[in-house]
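# Reading the structure
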Amino acid sequence: MALTLFNSLTRAMETFQPIDPAMVRLYSCGPTVYNFAHLGNLRAYVFTDTLRRTLNWKGWPTNHVINITDVGHLTSDADAGDDKMEAAAKAQARSIWDIAAFYTAAFKIDLAHLNILHPTLWSVATDHIQDMIAFGRTLETHGATYELEGGLYFDTSTVPDYGRLAGARPDEAIGRIADVEGKRHPADFAVWRSSPEGAQRQMEWQSPWGPGAPGWHLECSVMSLKYLGEQFDIHTGGIDHREIHHCNEIAQNQAFTGSAQTGANIWMHNNFLVDRGAKMSKSAGGFATLSGLIERGIHPLAYRLLCLSAHYRSELEFSGDIVAASLVRLKRLLIAIEQLRAKAGDLPWLRIVREAKDSRGADFAYQRSVLEDGLDKRSAALIARFDEALSNDLMVPQALPLLDEAVADKAISPEMRLRVIASMDLALGLDLLAIDRRSLSLRPKEAAIETEEIEALLDQRQAARAAKDFAASDAVRDRLNAAGIEVMDGDPLRWEWRPILS
Ligand SMILES: Nc1ncnc2c1ncn2[C@@H]1O[C@H](COP(=O)(O)OP(=O)(O)OP(=O)(O)O)[C@@H](O)[C@H]1O
Ligand SMILES: [Zn+2]
């Protein structure tokens, strides 16, 4: 089935046609590593991972590059303020290199918790300074820049359709500030920022424009070009990047190549995770992190499931209750899968499912051929409907219920149902055959009770209810509540509990 994707550039659904079907080239804007990623940032990478897994599931190998921004991202995307890395280093009295190494490692741990596959390549901005300088020189020789005291600036009037991605009219300033003396147009931006006279930055390099550091937009243009070529298939990022960062990348790409090509055929943007109770911003501080969720007893894959429950182009609301509900949904799924596994016996194909985790961009054709070989008609129909949902601009919320259908369809043998689930999970990444209900039950750090005790009390409560001793069953519930555990009874599969989050 053809894959249709929404292209932010044309604002239309397009049939995906890879430039080279033997290797789809995909670039994702990576994190700025000056702090822990917040849950909103991580939604962007669950989206990217779902896209990449979908491509692999549909038979395309991907060369997937994610960058690490360890220099150049200013506190305002609109080209003003301090470098986020410099500011964090100052605030924490640590070296930038320390900060970058620490938060890069923390980011990769978050991704592993979310079962996000490693890209083919991590590219670190500070490893590419000379490439960036060379790129800037070319922009200069192509007449796309001008020099100011603050550094080398890109002249946005030199590209004919500047801001097309943002959907802005050429006479609109797209919310820029013109506080840099001599800037010709508010939208012009720094390609290279010179170090201010007398003030040495922790991170600075010699350049034809004096000592300084690259602009944030330059990094992505340079690294995508270096590893994926002048025109590649798909570029991803959060919706906030559509307005400035990606417009500027495109402008640089066009000035560099001297063509109207934007750098990527398809530009895709995930919408935001919003928390009505708190600001989802690294710079603002006080944000929700994945490790924070884990400490409160929420398994990270419950957060992944929450991300998958909304289409990537819709806003997704976050709250303690919503993610706790997602944990219950995942638990129910795992209980049902456990029961299927008990009936199915040995699953010799599990090994290849595990190995898919190290794929680094390889397609899943082999894994799928093993899993789907000899499927009966009903199972094949489920897979076909799953394919249809994913192929419709990654309509994962419509694909998820098919997992439940696969679990429940008694007309299909348990072993075959499990193979269908395993194939679907290659694209969904919920790790359904690697974790079980028990591994999902993380005891909240603050909880005054051990998991075994919770389970034992639940059994007691179930027995009391069966014996119609409601006073005893209520007493157990109250005890659990007091320890920060909410009891959900009446579940036909098994009584459950979840941490009280709000
Ligand atoms: N609330 C959110 N929901 C979804 N994606 C988001 C959200 N906030 C940021 N993103 C995306 O997360 C990715 C990583 O962003 P990055 O590390 O550059 O964050 P940042 O801009 O420094 O953080 P912040 O803006 O929160 O201070 C980007 O693709 C960005 O668009
Ligand atoms: Zn970028």
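Residues numbered from 1 in each chain as written. Chains lettered and ligands numbered in written order. Predicted model: local features only at pLDDT ≥ 70, side-chain atom pairs only at ≥ 80, totals over all residues. Heavy atoms only, no water.

## With respect to the pattern of salt bridges
Two side chains of opposite charge can pair, provided their charged atoms sit close to one another. In the structure shown here, the tally under the stated rule is 21 salt bridges. A salt bridge links Arg184 to Asp155; the nearest nitrogen and oxygen atoms lie 3.2 Å apart. In this pair, Arg184 is assigned in the loop between strand 9 (151-154) and strand 10 (189-194) and Asp155 in the loop between strand 9 and strand 10, connecting sequence segments 29 residues apart. Looking at Arg184, the relative accessible area reads 56%, which means it is exposed. The exposure class assigned to Asp155 is buried, which follows from its relative accessible area of 8%. Each of Asp49, Arg53 and Arg304 takes part in one network of salt bridges that share partners. (Salt bridge = Lys/Arg side-chain N within 4 Å of Asp/Glu carboxyl O. Helix = DSSP H or I, 4+ residues; strand = E, 2+ residues; numbered from the N terminus. Buried < 20%, exposed > 50% of the residue type's maximum accessible area, 1.4 Å probe, protein only.)

## A look at the coordination of the zinc ion (ligand 2)
Taken together, Cys29 (SG), Cys220 (SG) and His245 (NE2) make up the protein donors of the zinc ion (ligand 2), found 2.1 to 2.2 Å from the metal. Between the donor residues of the zinc ion (ligand 2), the gaps in sequence give the motif C-x190-C-x24-H. Of this pair, Cys29 sits in the loop between strand 3 (24-28) and helix 1 (39-57) while His245 sits in helix 6 (residues 245-257), and the two are 216 residues apart along the sequence. As far as burial versus exposure is concerned, Cys29 and His245 are alike and both buried. (Donors = N, O, S within 2.8 Å, 3.2 Å for Na, K, Ca; no water.)

## Here we look at the domain arrangement of the protein
Many authors give the size of an interface as the accessible area that is lost as the parts come together. In terms of domains, the protein is made up of domain 1 (4-12 + 23-270), domain 2 (290-437) and domain 3 (444-499). Just the C-alpha atoms count here: the centres of domain 2 and domain 3 sit 28 Å apart. Surface buried jointly by domain 2 and domain 3 totals about 1100 Å² across both partners, of which 53% is contributed by carbon and sulfur atoms. On the domain 2 side of the contact with domain 3, Glu295, Arg332 and Arg437 bury the most area, a combined 38% of that side's loss. Where domain 2 packs against domain 3, one counts one salt bridge. One salt bridge connects Arg437 with Glu455, and the closest N-O pair in it is separated by 3.4 Å. Scanning the region where domain 2 abuts domain 3 turns up two residue pairs in polar contact (both at pLDDT 80 or more). By residue number, the principal contributor to the side of domain 2 that touches domain 3 is helix 9 (residues 320-344), which donates nine residues. Residues that form the side of domain 2 that touches domain 3 fall into these classes: six nonpolar, two polar and six charged. (Domains from an automatic or database assignment. Buried area = accessible area lost by both parts, 1.4 Å probe. Polar contact = N/O pair within 3.5 Å; in protein donor to acceptor, adjacent residues only side chain to side chain. Nonpolar A, V, L, I, M, F, W, Y, C, P; charged D, E, K, R; others polar.)

## Looking at helix 4 (residues 129-141)
One turn of an α-helix holds 3.6 residues; hence residues three or four places apart share an orientation. An ideal rise of 1.5 Å per residue puts 18 Å on 13 residues; helix 4 measures up with 18 Å between its terminal C-alpha atoms. When we look at burial in helix 4, the residues that qualify are Ile129, Met132, Ile133, Phe135, Gly136 and Leu139. The buried side chains of helix 4 occupy one side of the element, clustering within an arc of 160 degrees when seen end-on. For helix 4, exposure combined with an orientation more than 90 degrees from the buried face picks out Gln130 and Thr141. A positive phi of about 75 degrees marks Gly143, the residue just after helix 4. (Expected span 1.5 Å × (residues − 1). Arc of directions from axis to C-beta.)

## What to know about the sheet that holds strand 10
Spatially, four strands are ordered 8-9-10-11 in an open sheet, and the strand pairing comes out antiparallel. The open sheet has two free edges, formed respectively by strand 8 (145-148) and strand 11 (212-214), since each of these has just one partner strand. Pairwise comparison of adjacent strand axes, ignoring direction, gives a mean angle of 25 degrees for this sheet. Here strand 10 runs beside strand 11; their pairing, made up of three bridges, is antiparallel. Looking across to strand 11, one finds that Trp192 is bridged to Pro214. Contacts from helix 4 reach strand 8, strand 9, strand 10 and strand 11, with the element oriented near 125 degrees to strand 10. (Pairing = 2+ DSSP bridges. Axes fitted to C-alpha atoms, helices over the stretch in contact; angles between N-to-C directions. Contact = heavy atoms within 4.5 Å.)

## With respect to the pairing of strand 4 (residues 62-68)
In terms of burial, strand 4 is largely enclosed, as seven of its seven residues are buried. Going residue by residue along strand 4, you find Thr62, His64, Ile66 and Ile68 tucked away on one face and Asn63, Val65 and Asn67 tucked away on the opposite face as well. Both strand 3 and strand 4 contribute to a ladder of five bridges, which runs parallel. Bridged to Leu26 within strand 4 is His64. Where the polypeptide runs from strand 3 across helix 1 and back to strand 4, its parallel neighbour, the crossover connection is right-handed. Taken together, the four bridges between strand 4 and strand 7 (residues 121-124) define a ladder with parallel strand orientation. Within strand 7, the residue paired with Asn67 across the bridge is Ser123. (Right-handed = clockwise from strand over helix to strand, strands pointing away.)

## Let's talk about the sheet that holds strand 12 (residues 232-238)
Each strand in a sheet pairs with its neighbour through backbone hydrogen bonds, running either in the same direction (parallel) or in the opposite one (antiparallel). Pairing in this open sheet of five strands is parallel, and the strands run 7-4-3-12-13 from one edge to the other. The open sheet terminates on both sides in strands that have one partner only, identified here as strand 7 and strand 13 (264-270). Strand after strand, the sheet turns through a mean of 20 degrees between neighbouring axes, direction not considered. Relative to strand 12, strand 3 runs parallel, the two being bridged by three bridges. Across the sheet, the residue bridging to Ser28 is Thr236, located in strand 12. Here helix 1 sits on the sheet and contacts strand 3, strand 4, strand 12 and strand 13; the angle it forms with strand 4, its principal contact strand, is near 165 degrees.

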